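The primary structure of each chain is shown beneath.
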Amino acid sequence: MTALSIENPVFQTYAIAAALMVLKIMLQGWMTVYRMMKSNSGLASPEDLRPGPLNPTPQPEQLEINDYVDRSRRMHRNDLENIPAFLAVGLLFVTVGPALWLAQGLMYGFVAARAVHFMAYATKQSHEVRATFYTIGSLIVIYMALHVLAQVLALP
Amino acid sequence: MTALSIENPVFQTYAIAAALMVLKIMLQGWMTVYRMMKSNSGLASPEDLRPGPLNPTPQPEQLEINDYVDRSRRMHRNDLENIPAFLAVGLLFVTVGPALWLAQGLMYGFVAARAVHFMAYATKQSHEVRATFYTIGSLIVIYMALHVLAQVLALP
Amino acid sequence: MTALSIENPVFQTYAIAAALMVLKIMLQGWMTVYRMMKSNSGLASPEDLRPGPLNPTPQPEQLEINDYVDRSRRMHRNDLENIPAFLAVGLLFVTVGPALWLAQGLMYGFVAARAVHFMAYATKQSHEVRATFYTIGSLIVIYMALHVLAQVLALP
């Protein structure tokens, strides 16, 4: 059996964690859209000031940076700095045949760390809280990359 | 036969769509370079004001934000918020053995939606046009992630 | 034997290059953290001005853009514009069965080009140096995507 197969329990773990993280990235985009519409501000392009169904009475201030909307964009950027690397290294990790408990601990641990980071960022918790869960997620990805390197370089 | 093999027609569909989307990301970088050189502005780093073959007569204003160049950077950021998630979830989608017509509809649909989004953004169409094709692409990725989750969680 | 297996030397090449590039993305995040703490500036969120262990005596100027910190963020953004596309297309490239020397040349060439780009950006080399190594990395990814497309479209 090949490692990258839906019958492999380690691959199933990866598939669940990766699908959840893909949903996280996409829903962060919709959180930005929701906040733009709710606050009627934080628009990014000059043409967004043309009157239309999404913006019936445009105002020049709508192009200014608004922390309510920009916070969601910063959260999105933070996702992009972490999640695609996890998606790639997670797949590699499956191919080196780790123990199931290790894969579950790391991958579900990453998902949990990013979920708490999201909540801490959205609710403006202090820098220390956000940094703690950023660090946990980041160290998991770094460990997985080093584990893959060690396994591949140890091959005969 | 393993699902992630070039002999699998569903994988072929993914390979074509993914290669096109990789080209899209890379060419967006070159569109930014082209616009920086054509407008001689929108530079990002202070050292870019040193005289050299790419910038023989530097001016401080070249570091200011210029919508012509910044538009291409915003398009690039929008790509990064959508395409890497598609690349990861598309691979997972192949492993759960979907019908070929479904994979083709979703994956080529995503490529088409991003192509129209690109044209709408580059030509400054109204917010509603851009939002429509962003939404189509986003919903396709979200559907694929939910489909993968449902299939994996339904395994015995 | 399936192509996406740790026994395949071409896949091993991809695994090494991809793991190194994942480390590059993650460590760029830590370079930003290091520079924020060393310069005590370049913070991104208003709540980071609350006093705490990471920032005992906050000052409003800490939220202003600081080139020392922002440079690391720009390097990170440049990574995100290039590396996730490489990670996805590299995997596809393995599945079309390239010669080992070609895979090694392209993949280790990409890693080397990004490493030199990193050094050029961090040490504020002139635009031309940075652009040269950006171009090498970008052309490698574009070549790999075209190679995959050509191979898949030539299948019977």
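Residues numbered from 1 in each chain as written. Chains lettered and ligands numbered in written order. Predicted model: local features only at pLDDT ≥ 70, side-chain atom pairs only at ≥ 80, totals over all residues. Heavy atoms only, no water.

Asks: What should I look at first to understand the overall build of chain A in this one?
Replies: Secondary structure assignment for chain A yields 4 helices and 0 strands. For chain A, the sequential pattern of α-helices and β-strands runs α-α-α-α. The C-alpha radius of gyration computed for chain A amounts to 20 Å, which surpasses the reference 15 Å derived for 156 residues by more than 25%, pointing to a less compact arrangement than a globule. Overall, chain A is about 65 × 35 × 25 Å in size when its C-alpha atoms are taken along their principal axes. Taking all 156 residues of chain A together, the buried fraction comes to 56%. (Helix = DSSP H or I, 4+ residues; strand = E, 2+ residues; numbered from the N terminus. Rg over C-alpha atoms; globule rule 2.2 N^0.38 Å. Buried < 20%, exposed > 50% of the residue type's maximum accessible area, 1.4 Å probe, protein only.)

Asks: Can you help me understand the interface of chain B and chain C in this one?
Replies: Think of interface size as the accessible area that goes away when the parts come together; that is how it is often given. Contact with chain B, which involves 36 residues of that partner, is made by 37 residues of chain C. Counting each side, the surface lost to burial between chain B and chain C is near 2,900 Å², with a carbon and sulfur contribution of 72%. Considering only the surface of chain B that becomes buried against chain C, B:Met26, B:Trp30 and B:Glu47 emerge as the three largest contributors, covering 20% of it. On the surface where chain B and chain C come into contact, there are 3 salt bridges. Applying the counting rule to chain B against chain C returns 8 residue pairs in polar contact (both at pLDDT 80 or more). Broken down by secondary-structure element, the contributors of at least two residues to the side of chain B that touches chain C are helix H1 (9-39) and helix H2 (67-95) of chain B. Ranked by residues supplied to the side of chain B that touches chain C, first place goes to H1(B) with 16 residues. Class assignment of the residues belonging to the side of chain B that touches chain C gives a composition of 25 nonpolar, 7 polar and 4 charged. (Contact = heavy atoms within 4.5 Å. Buried area = accessible area lost by both parts, 1.4 Å probe. Salt bridge = Lys/Arg side-chain N within 4 Å of Asp/Glu carboxyl O. Polar contact = N/O pair within 3.5 Å; in protein donor to acceptor, adjacent residues only side chain to side chain. Nonpolar A, V, L, I, M, F, W, Y, C, P; charged D, E, K, R; others polar.)

Asks: Please explain the relation of the copies chain B and chain A as it appears in this structure.
Replies: One copy of the chain maps onto the other through a rotation about an axis followed by a shift along the same axis. Least-squares fitting of chain B to chain A yields an RMSD of 0.0 Å, with the transformation described by 0.0 Å of translation along the axis and a rotation of 120 degrees. Taken together, these values place the two copies in the relation of a three-fold axis. Of every C-alpha in chain B, the one belonging to B:Pro84 sits nearest the axis of rotation, 3.7 Å from it. Mapped onto chain A, only 14% of the interface residues of chain B again fall at the interface, so the copies present different surfaces. (Least-squares fit on C-alpha atoms with pLDDT ≥ 70 in both.)

Asks: Is there a simple way to explain the pattern of salt bridges in this structure?
Replies: A side chain of one charge can pair with a side chain of the opposite charge when the charged atoms of the two come close. Using the criterion set out here, one finds 24 salt bridges over all chains in the structure. A salt bridge links C:Glu47 to A:Arg130, with the shortest nitrogen-to-oxygen separation between them at 3.6 Å. Here C:Glu47, found in the loop between helix H1 (9-39) and helix H2 (67-95), pairs with A:Arg130, found in helix H4 (residues 127-153), and the two come from separate chains. For the pair C:Glu47 and A:Arg130, one class covers both residues: buried. Measuring nitrogen to oxygen at the nearest pair gives 2.6 Å for the salt bridge that ties B:Lys24 to B:Asp79.

Asks: Help me understand the relation of the copies chain B and chain C, please; the structure alone is not making it clear to me.
Replies: When chain B is brought onto chain C, the operation consists of a screw motion whose angular component is 120 degrees and whose axial shift is 0.0 Å, with 0.0 Å RMSD remaining. Comparing interface residues between copies, only 14% of those in chain B also lie at the interface in chain C; the contact surfaces differ.

Asks: So what exactly am I meant to see when it comes to the interface of chain B and chain A here?
Replies: Taken residue by residue, the interface counts 37 residues in chain B and 36 residues in chain A. Of the roughly 2,900 Å² buried between chain B and chain A on both sides combined, carbon and sulfur atoms contribute 72%. One can count 3 salt bridges joining chain B with chain A. Across the chain B-chain A interface, the total number found is 8 residue pairs in polar contact (both at pLDDT 80 or more). Elements with a contribution of two residues or more to the side of chain B that touches chain A: H2 and helix H4 (127-153) of chain B. The leading source of residues in the side of chain B that touches chain A is H4(B), at 15 residues. Looking at the side of chain B that touches chain A residue by residue, the classes come out as 21 nonpolar, 8 polar and 8 charged.

Asks: Would you take a moment to explain H2(B) for this structure?
Replies: Every α-helical turn comprises 3.6 residues, leaving residues that sit three or four positions apart pointing alike. Residue and element names in this part refer to chain B. Taking 1.5 Å per residue as the helical rise, H2 with its 29 residues ought to reach 42 Å, and the 42 Å between its terminal C-alpha atoms agrees with that figure. By the largest-angle criterion, Leu-80 marks the main kink of H2, which is about 30 degrees, and a proline, Pro-84, follows within four residues. Burial analysis of H2 places 25 of its 29 residues in the buried class, which makes it a mostly covered element. Its side-chain oxygen 2.8 Å from the backbone nitrogen of Tyr-68, Asn-66 forms the N-cap of H2. Residue Gly-97 follows H2 closely and has a positive phi angle near 65 degrees. (Expected span 1.5 Å × (residues − 1). Bend = angle between axes of the 7 residues up to and from the residue.)

Asks: It is not clear to me how unusual backbone geometry should be interpreted in this structure. Could you clarify?
Replies: Of all residues except glycine, most have a negative phi; of all peptide bonds, most are trans. Residues and elements named next belong to chain C. Phi is positive for Asn-40, close to 55 degrees, though the residue is something other than glycine. Summarising the element assignment, Asn-40 is placed in the loop between H1 and H2. Classification of Asn-40 by relative accessible area gives partly exposed; the value is 39%. A positive phi angle is found at Lys-124, which is not glycine, with a value near 55 degrees. Within the secondary structure, Lys-124 is located in the loop between helix H3 (100-122) and helix H4 (127-153).

Asks: What am I meant to see in the packing of aromatic side chains here?
Replies: Working definition: an aromatic ring pair is given by the centre-to-centre distance plus the angle between the planes. Per the counting criterion, the structure on display carries 9 aromatic pairs over all chains. When the ring of A:Trp30 is compared with that of B:Tyr134, the centres are 5.6 Å apart and the planes differ by 50 degrees; the resulting orientation is tilted. Remark: B:Tyr134 occurs in helix H4 and A:Trp30 occurs in helix H1 (residues 9-39); the pair is interchain, linking two chains. According to the relative accessible area criterion, A:Trp30 is partly exposed, its value standing at 25%. If you follow A:Arg130 out to its NZ or CZ, it ends over the ring of A:Tyr121, 4.5 Å from the centre. (Phe/Tyr/Trp six-rings, centres within 6.5 Å; stacked < 30°, edge-to-face > 60°. Lys NZ or Arg CZ within 6 Å of the ring centre and 35° of its normal.)

Asks: Sorry if this is basic, but what is going on with the environment of B:Asp79 here?
Replies: Residue and element names in this part refer to chain B. For Asp-79, the position within the fold is in helix H2. Considered as a pair, Asp-79 and Thr-57 are 22 residues apart in the sequence and their alpha carbons are 33 Å apart. Sequence-distant contacts of Asp-79, that is, excluding residues within four places in its chain, are made with Lys-24, Ile-25, Gln-28, Pro-84 and Arg-114.

Asks: I tried to follow the side chain of C:Thr2 on my own but got confused; where do I start?
Replies: By the secondary structure assignment, C:Thr2 is in the segment before H1. Contact partners of C:Thr2, with chain neighbours within four places excluded, come to A:Thr2, B:Thr2 and B:Leu4.

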